[in-house]
Amino acid sequence: MLNLIPEIIAVITAILYLVLAAKEDIKCWYAAIISSSLYFFIMFDAGLIMESILQIFYISMAIYGWNQWNKVSNEGCVIRIKKWKKIKHVYVISLVLILAIISGKVLEKYTNAVFPFLDAFTTFGAIITTYMVAKKIIENWIYWFVIDSCLLYTSDAADEEDSVDLGGRRI
């Protein structure tokens, strides 16, 4: 039960982050830092090194997001919610796909990742989408929906009784 407490706190602060971000409350970044810090240790303890590194990225982006939102509020300006042009989405999605293919090939060759290409796609997608949240790009929710749907697939596909699939890696 003691090991479950950090995970429960991580989940609660992750949900708090989402609620506060949707309300455009700068405190969302504090919740993100707490959640990602806890998930770093949880993932590291589970032997998920890449997921641990991704949490470090999330912490960095939370600091960046807080800085962006704080800088604007101190200057009396407002970061307006923006939309990207369709061509920018084409470029961003193409970049994510190219990076996922390259990384997927590396993961396939050098690791025992169960879904190397999907794992790479969700990782690079999450990186881009986290940046979009920090910049208040409204379409970030669509990207998160796609990423989370892929992660649900990898979890559902983990059908072996002696292992659990976490983001494409079987432990």
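Nothing here was measured: the structure is a model prediction, and the numbers come from that model.

Calculation notes
- Residues numbered from 1 in each chain as written.
- Predicted model: local features only at pLDDT ≥ 70, side-chain atom pairs only at ≥ 80, totals over all residues.
- Heavy atoms only, no water.
- Core = buried A, V, L, I, M, F, W, Y, C linked by side-chain atoms within 4.5 Å.
- Buried < 20%, exposed > 50% of the residue type's maximum accessible area, 1.4 Å probe, protein only.
- Helix = DSSP H or I, 4+ residues; strand = E, 2+ residues; numbered from the N terminus.
- Contact = heavy atoms within 4.5 Å.
- Expected span 1.5 Å × (residues − 1).
- Phe/Tyr/Trp six-rings, centres within 6.5 Å; stacked < 30°, edge-to-face > 60°.
- Lys NZ or Arg CZ within 6 Å of the ring centre and 35° of its normal.
- Salt bridge = Lys/Arg side-chain N within 4 Å of Asp/Glu carboxyl O.

Novice: Can you explain the nonpolar core? Please cite residues and give values.
Specialist: Side chains that are nonpolar tend, in soluble globular proteins, to be buried together. Formed by 18 residues in total, the largest nonpolar core has its most connected members in Tyr17, Cys28, Trp29 and Trp144. Taken together, the elements giving at least two residues each to this core come down to helix 1 (4-22), helix 2 (28-45), helix 3 (49-74), helix 5 (116-134) and helix 6 (140-156). Counting residues per element, this core draws most heavily on helix 3, which supplies 5 residues. Once residues lying within four places of it in the same chain are set aside, the contact partners of Trp144 are Tyr58, Ala126, Thr129, Thr130 and Val133.

Novice: Tell me about helix 4 (residues 86-110), and please be specific about residues and values.
Specialist: When the terminal C-alpha atoms of helix 4 are compared, their 36 Å separation across 25 residues agrees well with the 36 Å that a helix rising 1.5 Å per residue should span. Here helix 4 has its buried residues at His89, Val92, Val96, Ala100, Ser103, Gly104 and Leu107.

Novice: Hey, could you go over unusual backbone geometry for me, with residue numbers and the actual values?
Specialist: Look at Glu24: it is not a glycine, yet its phi comes out positive at around 60°. Checked against the element boundaries, Glu24 lands in the loop between helix 1 and helix 2. Even without being glycine, Lys136 reaches a positive phi, approximately 60°. Secondary-structure assignment places Lys136 in the loop between helix 5 and helix 6.

Novice: I'd love a proper account of the packing of aromatic side chains, names of residues and values included.
Specialist: One pass over the full model with this rule turns up 5 aromatic pairs. Where Tyr17 meets Trp29, the ring centres are 5.8 Å apart and the plane angle is 55°; that geometry is what we call tilted. Residue Tyr17 is found in helix 1, and its partner Trp29 is found in helix 2; the two are separated by 12 residues along the sequence. Of the two residues, Tyr17 and Trp29, both sit in the buried class. Geometrically, the ring pair formed by Phe57 and Tyr58 is tilted, given 6.2 Å between the ring centres and 50° between the ring planes. Across from the ring centre of Trp69, 4.4 Å away, lies the NZ or CZ of Lys136, which sits over that ring.

Novice: Can you explain the pattern of salt bridges? Please cite residues and give values.
Specialist: Here the structure, examined in full by the defined rule, presents 2 salt bridges. For Glu24, the salt bridge goes to Lys136, with nearest N and O atoms at 2.7 Å. Here the residue Glu24 occupies a position in the loop between helix 1 and helix 2, and Lys136 occupies one in the loop between helix 5 and helix 6, the gap between them amounting to 112 residues. By relative accessible area, which is 37% here, Glu24 ends up partly exposed. Between Asp25 and Lys27 there is a salt bridge, and its shortest N-O distance comes to 3.4 Å.

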